[in-house]
Structure formats: structure tokens, C-alpha cells
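Each chain, written out:
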Amino acid sequence: MGRIHMAVFDRFSRRNVGIFLWLVPALWVAATSCKPRIFNQMSDKESELLGVRSVSFEREELLGKYRFERITPTGERIMAAAMNWAKMQESEAERYAKPAQSANNLSRVLEMAGLKDYSSPLLLDVISAVRKRGGLVVELPKETRAIARFVEEHFDGVLPAGAIVSGCLKRDCSGEPGDGNIGIVGEVDEKDRLHLWHNNWFRPENRPWREHMIPLSWYQSGFPRKWMSTPWLTRVRNPLGALSDITVVIPELDEIDPADYFMTLTLLPEIMAELKQGKSVMSDGLGSVMPFRSRAVTRPINPLPLPPPPPLAECRRLRTASQVPTNLRAEPNGKIICKFPLGTLLERVTNQGTWIEVKGVCPNGFQASGVLLAAFVAPACEQ
């Protein structure tokens, strides 16, 4: 199967991000481990320190209650984790129900599902980790009937639950933070709409509250995001069952609109292996579960020659990615030199694990050097 790379950044609002709870897990790890955490390589000890608990669920209850068009054992764990995290996020809302947290929410769900090789606060890094481990990263067409034709030809008309989808305003995913989003393909509802689990930002600003916005009580409590399921696509099929067109259910969620943004479909290597081994089922949400039946021979996906952007560790040009000004410190956890606003361009000097040494111009106009947390910057190199 071919692979191409697209990376995404999270959508930002004007509300502040709770910076304190961003710092606590990183400081726990730094203080109690021999070396700082390396993202994409979470150890069991780090899972314990960060409070990550593997999700437990009853398979019969999950498949009996929800309709899945195609789901593998790994997809089942991901779906159970996504649903469980929708409740658990409430106890950590100050950290996760905020802007610039889509990758962290996705990472937590994957970790709860036992998939600890893809975690990162940067969407770019999550997708790159999947690609490096043999997963599929492929660009979807932009026209709705072309998307339907693509899914029909390469996935038998069905996107498997647990697949990751992401969207960018620009094809190479350059641009400003907030020009994209990421989510997980989920269940099908009673109206035959395919759902997507993501850190939803659709909220009642300058408009009345509507269905599929974040809960009004949640919004009034000061949280502009909520990990939840929203309907994503309706599908049109011909009399033989072949997918012929799609429609986006909530156009306002533009960054997950494949006809508007540049969309990427990402399959974890664990799911790919299970699909090849025939380990997928379909459920009707009423108690019936049966093996997935393929209607036709699918075609392989041809690779497209798009080189990946440089990873954070190889990119000397960085940009701050936090709504709350990022603290530049003289040393890790040391005295604050100045605070960089969102989008400030910086030059990386060296990496120091969780911390990065940088140079940049402070708001007072003076150039300074120091360290800041790696989780608060994103690569700003030319693609």
C-alpha cells in the first residue's frame, strides 16, 4: 500500500489554555525517571505516572449497543477508549478540554487502548509515528463523488472504525496553528450517519446553541472544547450497495470537511494487519454481530511522492503553539526570562529532552535565549 504524508495543527480559540496542568505530567516524569519521556515511546512506568489506565470493556455490550460497519479488535479497543475518555476528560478538563489539545486527546485515547507508540502533543508527530511504524497515511480526494469512489475501490466502501482522519487548510499543512483538526472514525447512528470522535470545538458563539455543539453547560463553565462524537458523513449507495457519493453533516466543522479541507486517512499498522487477516466484523447495534463480508476485490493504493516535513528535533525554526504565552526560562523550571505570545518565531539551539533551548525576541524587543517546554512549540520549517 502506498503512503503519503499530511500533518495537521489544532484549531485555536481566544480562550486561555490551562498551562499548569500541561506542566504537571511532564514534571512528574522528569523528576521520577532517569531520563525525560521520549514521545511515541511511552513506557509502562510513564503510563502509571501520567495516570493512564488501559480501558476495560465488555465486547458484547459495545458491539450490541453500537452499529459499526467494519471494526477490528484494535478498533474495538479504540472505540471503547474513545467513549470512556468522553467521561474521563471531564475530570481533566483544565488540560484537555482546551484549544491546542486535539493531539493530546487523541494520544490519550490510543494510550488507553494499549497503543503507546504514537503519543505526542504535536499532530505532525502522531501521524509521522504511524507512518514510520508501517501504517497507512493517504490523502483523500476533495470532490465528494471522487471520495466515494476512492473509498469504494480501496476500502470496499467502508472506512473501518478506529481509523484516524485529519484535515488541513493547505495541502502541505503549512500555515497558522488552528488550520486543522484530527479525529477517529466511529459508529453509525440511527440516521445512517458515520460519526467522528474528536475534541469538538463547535460551540454557541454568536449563535444559538444547536445539536452537536459542545454541551451548553460545559461551554458556560468556560471550556471551549469537548471530546465527543459528532455525525460526520452521510453516504449514498447504489442498488448494489456500492458507495456513490457522500455528504458532510456539519459544514461548520470545516476542517473535517473533505470537500473543503485537504483530508488525510491514517490507518494504524495494527488495524491494517487485522484487516488483512480477515479479523473484522460488522454490528447492527441491536445485538447482531457478523463477520465483515467484502463485496469486491479492492485495489492497492498507489504512493504519492510527498516528502515528510522535518521532525521537531531536526527543525531549527520553531513557532510557539500555546494560546497562553509560553514561558522562556533560564533553566528547566527556573526563573522566567520573558513570555512569548502565540505564533512567535524562535530558533532552536539544542534539544534537552522535554525542554528545548531556543533564541527569540521577547515582547520588550530584546533578544534572549533560554529553555521552554517542547510541547509548546511546533516546527516552522519550510516544507
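Within any chain, residue numbers begin from 1 and follow the written order of that chain's sequence. Local features in this predicted model are restricted to residues of pLDDT 70 or higher, and side-chain atom pairs are both shown and tallied only at a pLDDT of 80 or more, whereas totals for entire chains, interfaces and linings draw on every residue. Water and hydrogen atoms were dropped before computing side-chain values, which therefore reflect all heavy atoms in the structure.

What follows is about the overall build of the chain. In DSSP terms, a helix is any run of H or I states spanning at least four residues, a strand is any run of E spanning at least two, and both are numbered starting from the N terminus. Looking only at helices and strands, the chain has ten helices and 17 strands in total. Three labels apply to residues, based on accessible area from a 1.4 Å probe with only protein chains included: buried if under 20% of the type maximum, exposed if over 50%, partly exposed otherwise in between. The 383 residues of the chain split such that 56% are buried. Accessibility throughout is a Shrake-Rupley quantity obtained with a 1.4 Å probe, and a residue counts as covered only by protein chains that appear here. Entry remark: accessible area of the chain is about 16800 Å², with carbon and sulfur atoms responsible for 53%.

In this section: the pattern of salt bridges. By convention in these notes, a salt bridge is any Lys or Arg side-chain nitrogen within 4 Å of a carboxyl oxygen on Asp or Glu. Across all of its chains, the model carries 16 salt bridges by this definition. For arginine 67, the salt bridge goes to glutamate 69, with nearest N and O atoms at 3.9 Å. Classification of glutamate 69 by relative accessible area gives buried; the value is 13%. Residues glutamate 69 and arginine 235 are paired through a salt bridge, measuring 2.8 Å at the closest nitrogen-oxygen approach. Note that glutamate 69 is positioned in strand E1 (residues 67-71) and arginine 235 in strand E6 (residues 226-237), a separation of 166 residues in sequence. When salt bridges that share partners are traced, they join Arg67, Glu69, Asp192, Arg235 and Arg237 into one network.

Turning our attention to the packing of aromatic side chains. Whether two aromatic rings pair depends on their centres lying within 6.5 Å, for rings of Phe, Tyr and Trp, where Trp uses its six-membered ring; planes under 30 degrees apart make the pair stacked, over 60 edge-to-face, and the rest tilted. Summed over all chains, the structure comprises five aromatic pairs. Each ring, one from tryptophan 201 and one from phenylalanine 202, has its centre 6.4 Å from the other, and the planes form 80 degrees; the classification is edge-to-face. Each member of the pair, tryptophan 201 together with phenylalanine 202, is buried. Arranged with centres 4.9 Å apart and planes meeting at 35 degrees, the rings of tryptophan 218 and phenylalanine 223 form a pair that is tilted. For tryptophan 218, a relative accessible area of 10% corresponds to the buried category. The ring of phenylalanine 262 has lysine 142 sitting right over it, with the charged end atom 4.0 Å from the ring centre. For lysine 226, the ring lying beneath its charged end belongs to tryptophan 218, and the centroid distance is 5.3 Å. Ring-over charges, as used throughout, are those where CZ of Arg or NZ of Lys falls within 6 Å of the ring centre and within 35 degrees of the ring normal.

This brings us to helix H8 (residues 144-155). Under the convention used throughout, the expected extent of a helix is 1.5 Å for every residue step, that is, one less than its residue count. In this model, H8 (twelve residues) spans 16 Å end to end at C-alpha, consistent with the 16 Å of a helix rising 1.5 Å per residue. Only heavy atoms enter the contact rule, under which two residues are in contact if any of them lie within 4.5 Å. In this structure, the buried side of H8 is in contact with E1, strand E2 (136-139), E6, strand E7 (243-248) and strand E8 (262-267). Counting of polar contacts relies on pairs of N or O atoms within 3.5 Å, with two restrictions inside protein: one atom must be capable of donating a hydrogen and the other of accepting it, and residues adjacent in sequence are counted only when both atoms are side-chain atoms. At the N-terminal end of H8, a side-chain oxygen is found 3.1 Å from the backbone nitrogen of arginine 145, two or three residues along, and the residue is glutamate 143. A positive backbone phi angle near 55 degrees is found at aspartate 156, which sits one or two residues after H8.

Nonpolar side chains in soluble globular proteins tend to be buried together. The definition of a nonpolar core used throughout is a set of buried Ala, Val, Leu, Ile, Met, Phe, Trp, Tyr and Cys residues joined through side-chain atoms within 4.5 Å. Residues Ile78 and Trp232 are the most contacted members of the largest nonpolar core, which totals 69 residues. Broken down by element, the residue count for this core peaks at eight residues, all from helix H4 (residues 73-88). Every residue in contact with isoleucine 78, bar those within four places of it in the chain, is listed here: Val109, Leu110, Ala113, Leu115, Gly162, Ile184, Leu268 and Ile271. Judged by nonpolar contacts, the second largest core, of twelve residues, contains Leu318, Cys362, Ala368 and Val377.

It is worth spelling out unusual backbone geometry at this point. Even without being a glycine, aspartate 192 presents a positive backbone phi close to 65 degrees. Examined against the element boundaries, aspartate 192 turns out to sit in the loop between strand E4 (180-188) and strand E5 (193-200). If you check the backbone angles, histidine 212 has positive phi at about 80 degrees while not being a glycine. Counting through the fold element by element, histidine 212 comes out in the loop between E5 and helix H9 (216-220). In this structure histidine 212 comes out as buried when scored by relative accessible area, which is 17%.

Attention now goes to the pairing of strand E9 (residues 281-284). Burial along E9 is one-sided: Val281 and Ser283 are buried, while Met282 and Asp284, pointing the other way, are not. Note: E1 against E9, three bridges, orientation antiparallel. Counted as the bridge partner of isoleucine 71 is valine 281 from E9. Only strands that DSSP links by at least two bridges are regarded as paired with each other. By the bridge criterion, three bridges tie E9 to strand E10 (residues 289-291) in an arrangement that is antiparallel. The residue of E10 that forms the bridge with valine 281 is proline 291. Here E9 folds back onto E10, and the loop between the two strands holds four residues, one of which, glycine 285, carries a positive phi near 75 degrees.

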